[in-house]
Structures are given as C-alpha cells and as structure tokens.
Amino acid sequence: MRYPACFLDDKAKVLFSNSSANAHGVFRSDTSIFESLPHSSSHILEALIEDSFNSNREKSGQFRWASGQTFADFLMTVTPVSVHNRQVVFVTIHELAQYAEAKAAEVVSEIDRKPMAAEPLNPPDQTIESWPAGNNEKEKVDKELRTLHRLLDHSGESIIRMGQDFKITDVNKTAANQSKLLARGNHFLKAVRTEDQTKVQKILEQVLVSGKAATFRSSGAENDTKYSTFHNHAFVSMDSSSDTELVVISTDITEHIQLENKFEGLLGQMEEKNAILSALLEHSPAPIFIEDLEGAVLIVNEAALKLTDKPRKNVLGRKHRELFNSAIADSLRKDSKDVIGSKDPVTCEKTVEGPDDQQTYLVSKFPLANGDGTTFAVGSIWVDLTEQQRALCSEKTQRALCEASKDLLAYWNLNGKPLFVNRTCVEGFGWTTSVPSIADFVTPTAAQKLFKEILPEVRKSGKAWEGRSEVVKKATGEVIPVWQKIFVVTDNADQPLYFAMTAVDLTERIGAQMALSQAAKLSSLGSMAGGIAQEINNPLAIIYGKSCQIRKLAARGDISPAELVSELEKVEQTALRISRIIKGLRSFARNGDQDPLVDVPVNNIIDETLTFCQERFRNHGIDLTIARLPDHAVNCRAIQISQVLLNLLNNAFDAVEPLQQRWVDLQMEEEDGRINISVVDSGMGIAPRIVERMMDPFFTTKEPGRGTGLGLSISKGVIEEHGGSLYYSPLDGHTRFVLTLPAKKLNGKKAAA
Amino acid sequence: MKAFDGKNVLIVDDEELMREILRDEFLRCGAAVCHEAANGGSALAMAKKTEYQIIVSDIRMPHGDGLQLLSEVIKLPVRPMLFLCSGYSDLTREEALRKGARDLYAKPFDPETLVDAIRKSVFR
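Sequence positions are assigned chain by chain, starting from 1 and proceeding in written order. Think of it this way: whatever chain is written first is A, whatever ligand is written first is 1, and the rest follow in order. Local features in this predicted model are restricted to residues whose pLDDT is 70 or higher, and side-chain atom pairs enter the listing and the counts only when it is 80 or higher, whereas totals over whole chains, interfaces and linings include all residues. Water and hydrogen atoms play no part in the side-chain values, which are based on all heavy atoms of the structure.

So, the overall build of chain A
Per the secondary structure count, chain A includes 20 helices and 27 strands. Each residue is assigned to one of three classes by its accessible area relative to the maximum for its type, calculated with a 1.4 Å probe on protein chains only: buried under 20%, partly exposed between the two thresholds, exposed over 50%. For chain A, buried positions account for 40% of its 753 residues. Restricting the contact set of chain A to residue pairs at least 6 apart, pairs at least 24 apart contribute 49%. Total accessible area computed for chain A in this model is approximately 42200 Å², and 54% of it derives from carbon and sulfur atoms. In this description a helix means any DSSP run of H or I spanning at least four residues, a strand means any run of E spanning at least two, and both kinds are numbered starting from the N terminus. Here a residue-residue contact requires only that any non-hydrogen atoms of the pair lie within 4.5 Å. Surface exposure here means Shrake-Rupley accessible area, sampled with a 1.4 Å probe, where a residue is shielded only by the protein chains that are shown.

This is the structure:
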C-alpha cells in the first residue's frame, strides 16, 4: 500500500504496520497509535477508533497534520476486521489531496476482487464501496453468494481456491484457521510439506490439464501444521467470467490416520494373540470346548474331537446331548448353567465312554465375559484323571502291600542315603530315612561288606545279591541275622537309580532251623534206629549166647577158672562194643555248637564217626574203605565235624544201597594247609539240577517223611563256621563230597600254608 | 549117642564169637564136622565142595547174605537143611520157609536151646 496503514487492537495499540508506515516512521508496532498522530487530533481520532470498534463499521474522519511550517489534511479510515477471531481495526491514513484520485483508480480495479481473507464476514454495507450502488439483480446475486460463502466458510473442510499459478485466490474460514499459509496471494504449495510438494504439484498440474478431479493425501508444512495429514480433493472450477480456477477441498485426517494406525496395530496384536490361542488350543492334550449360552459348541480342539469321537462338522454347533450320553450331557448342561448364573468357575469329575473304554475326567467350566462383563460363552477344559487314578490306586495298593509286609523293605540312593523304609523297618527296627547312610542300619562289618563288595557288584552286574547278613535293631542295639536280597533299580534309560533290599529276620528261622536240625538229627536217628538196633543186637546175641554157655558149664563144673576168665573177657569186650555204639549215639544226638574249639586229631574224628556207622555198612554188605592221614589235626568242635562226616556217609550209604555196585570210599589228603576229606561212593554223580539246589535249606530228594533235607545245608553252615568249605565235586564220574578244614600239625604248630 | 553124630554142619556168620558159640555147641552135641564161613559167598563155595546136612546162617552179612545163600543152596544136588538166624525183623518165619529155609530163629538165643530146636527139626 502506498499509504501508511496498520492494525490496532482494542487498546489502540499497533499490532502490525505496513512498509509505508515504516518508511514514514509512523505506527511503530507495540506502541499506541496516538504516538504517531498529532495531539491536536487525538481526541477526534480516538473517537473515530472507538466508534468503529463499537459499531463494527468503517468510520472515516478528517484531521490536519502539521509538518514544519506546512500542514496537510488527512483522512483516517478505520475498518473493523476480524483476524483469527480477534477483533482489530485496520487504520489507513491518506493525504486527502491524493486520496480521491487513488480511490477512484482502486474502485475500478477492484470490481471483481473479493474482500480480503483477513476480513470478517463483512457487514452488508462494507461491500457497498466495491459495488455500484442501486443494482437489485446484483444485490440478489450478491446475497446468494454471501449465503454460499457463509456455508463454505462454516464447512468443516478447508476450501482453497487458486489460480493456474497455484496462487491462492480465496480460502474459507476453516482453511484460514487451519494454516496462516493458506492466505490470499500465497502460493498453495508453500502450505504443503516440502517432501510432498513435488507430488502435489504434479497432481494439480494433471488436474488442470485433464480437467479431471483428483484425490490425494498430503501433509502440512513443517513449520506450520507439521504433523497434520490432509485428504485433498482437487478439481477445476470453470467460471465463465474468469480464468480456470483450481479448487482444493482439504480434510484434516490426522486423527483419522492415527486411529487407522492404532487400529492396524491392535489388529496385528489381535492376530498374534489369536495365533497363540489357536496353537494352545490345538496342542493341548486336554479336550477343550467353548459353548454359547445355549450350550451349542462354538470352538473345539483336536483333543476334544478325539474324546467325542466325531468329525469337527458334527461337533460344531451341536449341543451336549448330541455329543454325550444323556446323563453326562445333562450334568454338563447343568454345570454350564451354574457357571452362567454365578459367573464363577465350576469343577467336577465326570466319567465318560471315551474311544477306548471308560475314562474319568476332571471338567473345569468357566465363564467367558466381554468388555462390559456380560458372559457370552462358557469354556470347559477336561483333564484326564484315568491314568492318574489308576496309577494312584495301583500305587496305593503297592504301598499298602509294602507296608504290610513283615519283611524289611527299604531303598536308598546310590550314595547310600536311605529314601524309604517300610513299617516293619520303622516300628520293628527303629530305622528312619533321616539318617545320612544305611550304614546306620547294619553292623560295621556288614556295612563294610555292603559298600565295598555287594553294592558295587550289584551295580556293575545288574544282578541281585542274596545272602546272609546282619542288621541292627536301633532301639536295643541287638544284632539280628537276616537273609537279605539286594538289587539295583534303574530309571527309564536303564541308568542305576536306587538300591533296594528285602530282608527276612532269620532269628525265628534260625531257632526253627536249630529245632529242625535237632529234629533232623533225631529223625536220622530214627531212621538209623533200625540199623542201630541191628548193630547192637549182634554183640548182644554174643553176650547172651556166651553167658548161657558159661553158666551151664559152670553149673556142671565143666569150666576151668582159666577158661572162665577167657570167656568172660570175650563177653566184656563184646559189651564194650555195645557201649561204643551207645556213646556214638549220644554224641550224635547232642548239639555241639557250644563246645570249645580244640585241636583234634583227624583220625579221632574219623574213628568216632566210624564207630557209629561202620556196623551199618558192614551189615548191609557195603564196602567202606578208609584212607587215613596220621599226624594231622584240626581246630574244631569234634562233635560237629563228626556229625557232618556222618551225614555225608549216611547220604552215601542211602545212595549206593539200591545199586549193583555198592561201595563208599573215605579219603583224606593235606593240601596247602588244609585237610580235604572226601566221601566218594559208587553212585554215578548227581544230576545238575539237583546239584544247584542241594545245599539249599529244606531241599531234599527223599520222599516226604524220609529225611528233612537239612543235612547238607546245616553241614555246610557248620563247616563254614569252622573256616572250611563243603562242596560237591565228582571224581571219575562218581559222586564225591569234599569237606575241607584248616589243618594243624599234631605237635601244635600250624601246617605249612 | 550124641544128637548130631555123623552130621556135617556149616556155620555161617560174620561175627567170630557167634560162630564160636555155635561151634562149641554143635561139637558138644556130637557133630562130625563143624565148619565156619564168614559170609554167604565162601559158605556156598564150601557147600559145593563138602556135603553138609546142616547149615546155620546169619542173614545180614557183607559180601553175600543168608538169603542169597539159601537161594543157592536149594539148588545143590544134595540139599542141606538151612537154618536162618535173624537179628532183626528181616522176614517172617513163613516167608523164610517159603524161600526154602528149614526154619528161622531170632537172636539173641540160648545156644543150647537153638541147637536143640535144630535137632528136633532135623530128626523129625
């Protein structure tokens, strides 16, 4: 503008002044306008400004401004304006003389131009200056335009009009509010973000060229509305009276975009969650059903299909009664209703006919609610209890068996820490699992043997160990003999896990055994009674016979004293024979395990044994040959060794008696500091299956009632207690039993080892 | 005249003193010959060589018992009368007689009574 002009606020403070004002040095920003105006005119001008504000109309007034000696007349025009919703006034000052001229020229050139963007909805008479007055048609059109204008202004979209040079010709209120770059005269592209400008330009050029409308997105300029995104609709508007005009209708879709992104994000998250859920459902080994409020199946997983044994299409949408038997179905439906009603989960056991026989499940039903808390479905998860139950019952039973057993049952880990001891162990022996090692349960010797020999061997071979051992009763400290079986327990990969043992208290058994052994001896005695009777009868007959003869001769005086003496001596000797047999009997019957250990010449033992059985052999015509070893002794309880030897000889006797070839050979030899006594008989060996078991207690090949089968096992025990051994070893096909004992020289010194 | 005049007697028993007792008794009763054998085997051999009218044998002996002897002796051309002495209940008198023995006596016995019983049996 050629004339100084400025904007004032309602306090008459200069908001903005134009270059002309600056050039004249007037209307400095932030100062009161009156600083620049002559004081003399201030009251007029004040009133003018105030008037304009109050009436919201343009007001003009004249005033005189002196400059040095000269003065000129000026016209001040105050126009109320709304800029960004702010009421300000636009003040211009014209030198009157020049003003009229200029105004005329302006009017002419302003005929088609619309009011400035910064101007508010002009009161009707604002535009009177621009229009020739008194034209009714024009007024009508004008009114219509104004209404249209008002509509456009209030539209939520920004409407921008521009020329082919993209210079903005007009914008509506929304556009103006959107950006101050959308102003009349500005280049439209300047309101567009730099990186979009090229694109937008191309599009708009295309629109101009083709005449076709285009839709595009763009972002606002960085320094202005930089985060905003706009949806633009550009088209050409033809106005017959002017150049081609481009119109862009722009909608701020920033929020929309944000929502879109958010939505996509949420969608992505939802899809992920969905995928997870699906995977969980399908891979769950537990049957899962989701049903609607009516009980119709909405979702079902593989496991559930397997349970119902139906294809998916026959399960989805079906109700309980179509999938299960009526009793179960009704029960399930009731649970669902409870869940829906109470909104609480419900769990109970159900037994159904699964694809493979009856199975028990723990069915958990729970409500599924949406955002506002309304239940829209019921879910159920079925946990298979069958295996668990069976295992539990089985375990329970096995446990009960374990606890009820009178044997000692226990197991411990590979380090010897006890993990389980059954009731018998606890109550009878005072054992607990709170001790660090099973060594606590046994004697030190037994513990030694256990850890150094038995356990390593069992672990290595994987085979069980069975044998006699000793354990301790914790309460009394008593040492109890047991028959123990120890074996290793492996895991599923065949790796050793635990050692386990069963042990039988032998105390009773040993007592029983001893009683039985006595009984065995007595029963042997019984079976030998016949033989013994026979053996005694011969000498007896001799004594009787001789006595009769002597008596009669003496009665007749037919016997000399010398003859008498001689005869009586024979009688005596024969009587002694009987005596020896009786003695032998007595020793045999006696239990010698309390006798002291003494050095006994082997021959003595042999003789003692023979006095007892030699007669029998003779009477049955069985050859008994003896090869003696003089000068050797053993440290022992003679009675016990003699009994063992007798047992072997009796066995041999029984073996050969029915045979054609009948002989028994008693041999002796010394070897490596040990005496080996062999009893060989004419029998042709023992069958392997009998050999395996013949040293076992209670094993016998004799008929019931004949023999108790204790002989060999007890004999073996006795010999082992003496530090010797008893074993079967055939010789040349003949049955032979060998009894070995540590030897001693008769002069008291041990035999050379 | 003694009871066993002219009779050959064979005594079979593995007990020496028993043989002595019986021998003394038979000789006192006038037996012509009184031989002894310790077992059935040697007894048979002797019986084949010498004709014995009377054999007195124990039953239980090693190396051939009295019953075996009996079964052999009854086959001899001149069959001697065989008397068995039993120390135990080996068999009953009826069984012994069935087997061909002349009689069966139990031990212990009074030798005089035994020999007398034999005499009665022989001279019946």
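Focus: the pattern of salt bridges
A carboxyl oxygen of Asp or Glu within 4 Å of a side-chain nitrogen of Lys or Arg is what we treat as a salt bridge. Scanning all chains against the criterion turns up 35 salt bridges over all chains. A salt bridge links Asp142 of chain A to Arg146 of chain A; the shortest N-O distance between them is 2.2 Å. On the criterion of helical spacing, the pair formed by Asp142 of chain A and Arg146 of chain A is a turn pair, its members being four residues apart in helix H4 (residues 136-154). Here Asp142 of chain A falls in the buried class, since its relative accessible area comes to 14%. If you follow the salt bridges from partner to partner, you end up with Lys546, Glu567 and Lys570 of chain A together with Glu20 of chain B in one network.

What to know about the sheet that holds strand S9 (residues 229-237) of chain A
What holds strands together in a sheet is hydrogen bonding between their backbones, with the strands either parallel or antiparallel. Residue and element names in this part refer to chain A. A pair of strands counts as paired when DSSP detects no fewer than two bridges linking them. A sheet is described by the order of its strands in space; here five strands give the open sequence S7-S6-S10-S9-S8, paired in antiparallel fashion. Looking along the sheet, the strands with just one partner apiece sit at the ends: strand S7 (168-171) and strand S8 (214-219). Each adjacent strand pair in this sheet contributes to an overall mean axis angle of 25°, direction not counted. Bridge count between S8 and S9: six bridges; the pairing is antiparallel. Bridging across to S9, Thr215 finds its partner in His233. Axis lines are fitted to C-alpha atoms, over the contacting stretch for helices. Their N-to-C directions set the angle, which ranges from 0 to 180 degrees.

Side note on the nonpolar core
Across soluble globular proteins, nonpolar side chains show a tendency to be buried alongside one another. All names here are of chain A. With 49 residues, the main nonpolar core has Phe617, Leu645, Leu649, Val664, Ile677, Val679 and Leu739 as its most contacted residues. Per-element tally for this core: the top contributor is helix H18 (residues 638-656), with nine residues. Discounting chain neighbours no more than four positions away, the residues touching Leu649 are Thr609, Cys613, Phe617, Leu624, Val664 and Val679. If you look at the next biggest cluster of nonpolar residues, it comprises 25 residues, including Trp412, Ala447, Ile454 and Leu455. By nonpolar core is meant a set of buried Ala, Val, Leu, Ile, Met, Phe, Trp, Tyr and Cys residues that side-chain atoms within 4.5 Å join together.

Here we look at the packing of aromatic side chains
Residue and element names in this part refer to chain B. Under the pairing criterion, centres of Phe, Tyr and Trp rings, with the six-membered ring standing for Trp, must be within 6.5 Å; the plane angle then separates stacked pairs below 30 degrees from edge-to-face pairs above 60, leaving the rest tilted. All told, the structure shown has 17 aromatic pairs over all chains when counted by the stated rule. Measuring from centroid to centroid gives 6.2 Å for Phe4 and Phe123, while their planes differ by 50°, and the two rings are tilted. Of this pair, Phe4 sits in the segment before strand S1 (8-12) while Phe123 is found in the segment after helix H5 (111-122), placing the two residues 119 residues apart along the sequence. Between Phe83 and Tyr105, the ring centres sit 6.1 Å apart and the planes meet at 20°, which makes this aromatic pair stacked. Taken together, the residues Phe83 in strand S4 (residues 81-86) and Tyr105 in strand S5 (residues 103-106) connect sequence positions 22 residues apart. Judged by relative accessible area, which is 0%, Phe83 ranks as buried.

Overview of the confidence of the model for chain A
All names here are of chain A. The predicted model of chain A averages 82 in pLDDT, with 87% of residues at 70 or higher. Per residue, pLDDT measures the predictor's confidence, with a range of 0 to 100. Mean pLDDT per element in chain A: helix H3 (residues 96-109) is the minimum at 66, and strand S16 (residues 408-413) is the maximum at 94. Within the model, the stretch residues 115-133 combines pLDDT values under 50 with 25 contacts to residues more than four positions away or in other chains.

Focus on the sheet that holds S1 of chain B
Residues and elements named next belong to chain B. Pairing is parallel in the open sheet, where five strands are placed in the order S2-S1-S3-S4-S5. Two strands lie at the open edges of the sheet, namely strand S2 (33-37) and S5, each paired on one side alone. When the angles between neighbouring strand axes are averaged without regard to direction, this sheet yields 20°. Bridge count for S1 against strand S3 (residues 54-58) is four bridges, and the pairing is parallel. Residue pairing across strands places Leu10 opposite Ile55, the latter belonging to S3.

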